[in-house]
Amino acid sequence: MSTTMTIRRTALNETMRKYGGKMVDFHGWEMAIQFAGILKEHEAVRKSAGIFDVSHMGQVFVTGADAFKLLQKINTNDLRKATPGKGVYSHVTNENAGLVDDIIAFCLAPDRYLVIVNATTSTKDYEWFKSQAVKMHVKVENRSDDFSMIAVQGPNVPKMFEKFAPEALKLPRFGIVEKDLLGEHCYVSRTGYTGEDGFEVTAPHSIINQLWEQMMELGKPYGIVPCGLGARDTLRLESGYLLYGQDVDDFHTTYETGYGWVVALDKGDFNGRKILVDQKANGVKRRLTGLTLTGGVPRSGCKIFLDGKQVGELASATYSPTLKKGIGVGYIVPPDLKPGTPLEVEIHGRRVKAEVTKVPFHKGTAFNKGIGA
Amino acid sequence: MPKPEEVKYTKTHEWISAGAEVAVGISDHAQHEMGDVVFVELPKVGQKLEKEKPCAVVESVKSAFDIYSPVSGEVTAVNDAVTGEPALLNQAPLEGGWMFKLKPSNPAEAEALMNWTAYQEFIKQSAH
């Protein structure tokens, strides 16, 4: 990363080090890439519980009489699905239907929304939201610097929360509740980026370290382990979740990502709708396609071949700890290859056999609770 | 198999045992830095290796690492156990986790490598 930029630390930095976090520069943020090891952490989240510092994520508040109107205009998904206490996963699109970001918009009250945005895009999103709010009665606030965020993920997490936050247990997938924790106003949502059931807690910096320790204590009987961004990445890729900046950007559309279910063409006009209507009718030229390998570990940038001809390259790829083989996603032309179609991936100059695979590669407990994303 | 103090080390964190037929692997420090090893690609028996040239690949969950031959020579054996169970490189980098054996063509090359004390010092200095 840039050497001229000063690195940013989350309020949990010292605690991450105390727990043995191996710290790395992640897009200008010093974050823990791993603690005990990616495989152990991955397994803990799939089978028991894991806790992540995700304080680099951003929070944009949209409030006022036109809050709904603004969000409806800038999102592909229908914000009517986000009734008070609920959120929707959605894509924020530009006029060309390219993705500004992928977000979760939570409705706290009819005129008050909390939008969770990606770390690398929080400033860009804030500027974009504001630019789209001209002549609207709406206040857009980037409060990313005011909040830390902890994700607690895994099948055992609901049990952990029984005493700690019983009201959170009643939340459906994508539900959110505002709650005082350790005397401070916090937001607890039933969301995550791992494919497992669990919660994300957005809280002020002042209590975040105490909150982390409390979670570790509550989670002790349930096998909780601290997890880093390494496991977060293998978990999200197995679940087929997008990583903004790597799998999708301003020049790729929602239909191209295979996330057509977050496009609500029937909700009325929104940014990029015209292009999406056309793509829906006439199809896309390329599509983010999942594939599984027979050997080796694929990486971002590896070339993909069909019948000896290059048809794309991998956007995200890794070793899947759950499937115990290489998996990846990449934009492929032609866009409609059937699962099982044989492909090849070039790793270190050698072609390895692969096949088209339906995503998600693995369905964790979050997928039992409705939509997994 | 050897103890950490009994082998020589390269600046690229491979170890090499002593003798007319030597074993090669990665150091404990290296396996720590790499993280969970999930894939290993070894050279072939009979393959001629050149000193400091890539001859094997170790992949952890996070990234790929080239393994450089500490000395020149001909491969006499490979450890199929590590291709079947790559985690051996993490669990026992100097015992079960040896990667291949070779017959050095120039025994003086191994002499020039770092001993345990020098390697420890090298790691300490590289950390700064």
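Scroll up to find the structure.
Worth saying up front: this structure is predicted, and the values here are computed from it rather than measured. (Residues numbered from 1 in each chain as written. Chains lettered and ligands numbered in written order. Predicted model: local features only at pLDDT ≥ 70, side-chain atom pairs only at ≥ 80, totals over all residues.)

### So, the overall build of chain A
Next up, step 1: When helices and strands are counted, chain A shows 10 helices and 20 strands.
Next up, step 2: Relative to the compact-globule value of 21 Å for 373 residues, chain A shows a C-alpha radius of gyration of 20 Å, a close match.
Next up, step 3: Dimensions along the principal axes, computed over C-alpha positions, put chain A at roughly 60 × 50 × 45 Å.
Next up, step 4: Relative to its full complement of 373 residues, chain A shows a buried share of 50%. (Helix = DSSP H or I, 4+ residues; strand = E, 2+ residues; numbered from the N terminus. Rg over C-alpha atoms; globule rule 2.2 N^0.38 Å. Buried ≥ 20, exposed ≤ 12 C-beta atoms within 10 Å, placed from the backbone.)

### Quick word on the interface of chain B and chain A
Next up, step 1: Facing nine residues of chain B, the contacting portion of chain A comprises 12 residues.
Next up, step 2: Counting residues per element, the ones that place at least two in the side of chain B that touches chain A are β4 (37-41) and β6 (54-60) of chain B.
Next up, step 3: For the side of chain B that touches chain A, a count of residues per class yields five nonpolar, one polar and three charged. (Contact = placed C-beta atoms within 7 Å. Nonpolar A, V, L, I, M, F, W, Y, C, P; charged D, E, K, R; others polar.)

### Here's the deal with the sheet that holds strand β18 (residues 325-332) of chain A
All names here are of chain A.
Next up, step 1: Ordered by their spatial adjacency, six strands build a closed barrel running β15-β18-β17-β16-β19-β20, and the pairing between neighbours is antiparallel. In this sheet, adjacent strand axes meet at a mean angle of 40° when their direction is disregarded.
Next up, step 2: Relative to strand β19 (residues 342-347), strand β16 (residues 303-306) runs antiparallel, the two being bridged by two bridges. Following the sheet pairing, Ile304 is matched in β19 by Val345.
Next up, step 3: Here helix α8 (residues 229-238) sits on the sheet in contact with β17 (309-320) and β18, set at roughly 125° to β17. (Pairing = 2+ DSSP bridges. Axes fitted to C-alpha atoms, helices over the stretch in contact; angles between N-to-C directions.)

### Considerations on the nonpolar core
Residues and elements named next belong to chain A.
Next up, step 1: Val62, Ala105, Phe106, Tyr113, Val115 and Ile150 are the most contacted members of the largest nonpolar core, which has 113 residues in total.
Next up, step 2: It is strand β7 (residues 99-109) that provides the largest number of residues to this core, a total of eight residues.
Next up, step 3: Aside from chain neighbours lying at most four places away, what touches Ile150 is Ile51, Phe52, Asp53, Val54, Val201, Ile208, Leu211, Trp212 and Met215.
Next up, step 4: Listed in part, the 19 residues of the second largest apolar core include Leu237, Ala315, Ile347 and Phe361. (Core = buried A, V, L, I, M, F, W, Y, C linked by C-beta atoms within 7 Å.)

### Thoughts on the sheet that holds strand β12 (residues 184-189) of chain A
All names here are of chain A.
Next up, step 1: One open sheet accounts for six strands, arranged β11-β12-β13-β10-β4-β14; its pairing is mixed. Both edges of this open sheet fall to β11 (176-181) and β14 (224-227), since each of them pairs with a single strand only. The average undirected angle you get between the axes of adjacent strands in this sheet is 25°.
Next up, step 2: Here strand β10 (residues 147-153) runs beside strand β13 (residues 198-204); their pairing, made up of seven bridges, is antiparallel. Residue Ile150 lies in a different strand from β13, and its bridge partner there is Val201.
Next up, step 3: Lying on the sheet, helix α2 (residues 38-47) is in contact with β4 (49-53), β10 and β14; it crosses β14 at an angle near 130°.

### Quick notes on α8 of chain A
Residues and elements named next belong to chain A.
Next up, step 1: In terms of residue burial, α8 counts as a mostly covered element, since 10 of its 10 residues are buried.
Next up, step 2: Those residues of α8 lying buried are Leu229, Gly230, Ala231, Arg232, Asp233, Thr234, Leu235, Arg236, Leu237 and Glu238.
Next up, step 3: Immediately beyond the C-terminal end of α8, within one or two residues, lies Gly240, with a positive phi of roughly 75°.

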